[in-house]
Amino acid sequence: METIRWNLKNDYLYNQKAIKGAAELLKSGSVVAFPTETVYGLGADATKEEAVSKIFQAKGRPQDNPLIAHVATKNQLTRIVGNYPPFVDKLMDAFVPGPLTFVLPSNGTCVENVTAGLSTIGVRIPDHPVAQELLSVSDIPIAAPSANISGKPSPTTGHHVWADLQGKIAGLLDAGPTGVGVESTVIDCTHEVPIILRPGGITKEQLETVVGSIIIDPAIAGANERPAAPGMKYKHYSPEVPLWLVKGGHRKMQQVIDEEKNGRQVGVIASTETAQALEADNMISLGWELPEIAAHLYEALRTFKEGDVEIIICEAFPEEGIGQAIMNRLKKAASVYL
Ligand code: AMP
Ligand code: MG
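Cut-offs and rules
Residues numbered from 1 in each chain as written. Chains lettered and ligands numbered in written order. Predicted model: local features only at pLDDT ≥ 70, side-chain atom pairs only at ≥ 80, totals over all residues. Heavy atoms only, no water. Near = heavy atom within 4 Å. Polar contact = N/O pair within 3.5 Å; in protein donor to acceptor, adjacent residues only side chain to side chain. Areas by Shrake-Rupley, 256 points an atom, 1.4 Å probe, with all protein chains shown as cover. Helix = DSSP H or I, 4+ residues; strand = E, 2+ residues; numbered from the N terminus. Nonpolar A, V, L, I, M, F, W, Y, C, P; charged D, E, K, R; others polar. Buried < 20%, exposed > 50% of the residue type's maximum accessible area, 1.4 Å probe, protein only. pLDDT = per-residue confidence, 0-100. Contact = heavy atoms within 4.5 Å. Phe/Tyr/Trp six-rings, centres within 6.5 Å; stacked < 30°, edge-to-face > 60°. Lys NZ or Arg CZ within 6 Å of the ring centre and 35° of its normal.

**Observations concerning the site of ligand 1**
So, step 1. Every one of the 15 residues lining ligand 1 counts as a neighbour, but R61, N65, T120, P145 and R198 are closest to it.
So, step 2. A distance of 3.0 Å separates an oxygen atom of ligand 1 from a polar side-chain atom of N65.
So, step 3. R198 is positioned with one of its side-chain polar atoms (N or O) 2.7 Å from an oxygen atom of ligand 1.
So, step 4. Contact with the protein chains removes 81% of the 500 Å² of surface that ligand 1 exposes when unbound.
So, step 5. Secondary-structure elements contributing two or more residues to the shell around ligand 1 are β6 (120-124) and β10 (195-198).
So, step 6. Ranked by residues supplied to the shell around ligand 1, first place goes to β6 with 3 residues.
So, step 7. In terms of residue class, the shell around ligand 1 is made up of 9 nonpolar, 4 polar and 2 charged.

**Here's the deal with the environment of E319**
So, step 1. Here E319 shows up in the loop between β15 (311-315) and α13 (323-333).
So, step 2. Under the relative-accessibility criterion, E319 is labelled partly exposed at 35%.
So, step 3. For the pair formed by E319 and Y298, sequence separation is 21 residues and the distance between their alpha carbons is 18 Å.
So, step 4. A polar contact of 3.0 Å, which involves the side chain of E319, links it to the side chain of K331.

**A look at the confidence of the model for the protein chain**
So, step 1. Confidence in the prediction of the protein chain, expressed as mean pLDDT, is 93, and 96% of residues score 70 or more.
So, step 2. pLDDT under 50 marks residues 227-234. Its contacts with residues more than four places away, or in other chains, come to 13 contacts.

**Comments concerning unusual backbone geometry**
So, step 1. The step from V96 to P97 runs through a cis peptide bond, and the omega angle for that step is 0°.
So, step 2. Note that P97 resides in the loop between α4 (87-95) and β5 (100-105).
So, step 3. The backbone phi angle of A116 is positive, close to 55°, even though this residue is not glycine.
So, step 4. In this fold, A116 is placed in the loop between α5 (112-115) and β6.
So, step 5. A positive phi angle is found at D139, which is not glycine, with a value near 55°.
So, step 6. One can find D139 in the loop between α6 (129-138) and β7 (142-143).

**Some words on the packing of aromatic side chains**
So, step 1. Going through the model one piece at a time under the given rule, you end up with 0 aromatic pairs.
So, step 2. Positioned above the aromatic ring of Y14, the side-chain terminus of K9 is 4.5 Å from the ring centre.

Listed below in structure tokens is the structure:
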């Protein structure tokens, strides 16, 4: 399949034409990648089973993992969900559009391979002008997981999408780097108290300012346990070479780097502050503050390739604010956590 790649730039008419072309592909049942403020999404018409199945094929994604349906407005959202508790409206007023996915009762409009057969559906209104325009113009709910090959780090540039999916999808709207850099927060709103199922772009602290109490799903705590041993097979966010996550500041980092260097090529990922205190050959500094670190994380995980380095040593970041999402992804990507 030849993939159409639209390189969006500061050209209103060209961009409008590209988005219209992408919307037409979506409406005809094809799969198109598009930018959101979190990561690039791989979209298909959420009301057509056959269209949605093409997402799973292109990504190699396991069928039992439900997809998030994306819509442009609250009005479009109400067309695909059933009744929900009043705190959802409060959260929407505060954080929508934005990197927050609501798990709500499904009204059956979206097909079974979107919801993985559940009675609930994950819905999100993204805050990116291209995504907004695409969803408005196509006027259908768009199921979209991240636009990467399953298991790899999510794509935060059009280039990442192209590298993974060129030839496997109908189109790509390339609008350069996304902003937030980690996926949306997923919040289950089908109980009396909201439950965070996945930490992401909207932090627990932000949510608490609106709804008071909030529960973190115990499964997240489980996933947060340190991986048992090196050499395990990883299914999430995995770079091409093993990643070691190191807690304890630049001194511990330097110690591990020096020990591991012994004839091996080591790649290092750290905050700018830590990087400045380290001595290493292949180093990527992610930025000073956690939001900057989140924005550059997946790019860094994709930069160190097999053949260039044999191991990645990455700093463990504070688990506060968006650091919770960063560390959730890093723990899943890591083969060792020291
Ligand atoms: P991805 O689009 O690959 O970033 O993943 C979507 C995330 O949302 C996954 O963690 C899903 O398990 C979660 N999700 C989507 N729909 C539901 C749902 N109906 N119930 C619970 N989790 C969901
Ligand atoms: Mg994903």
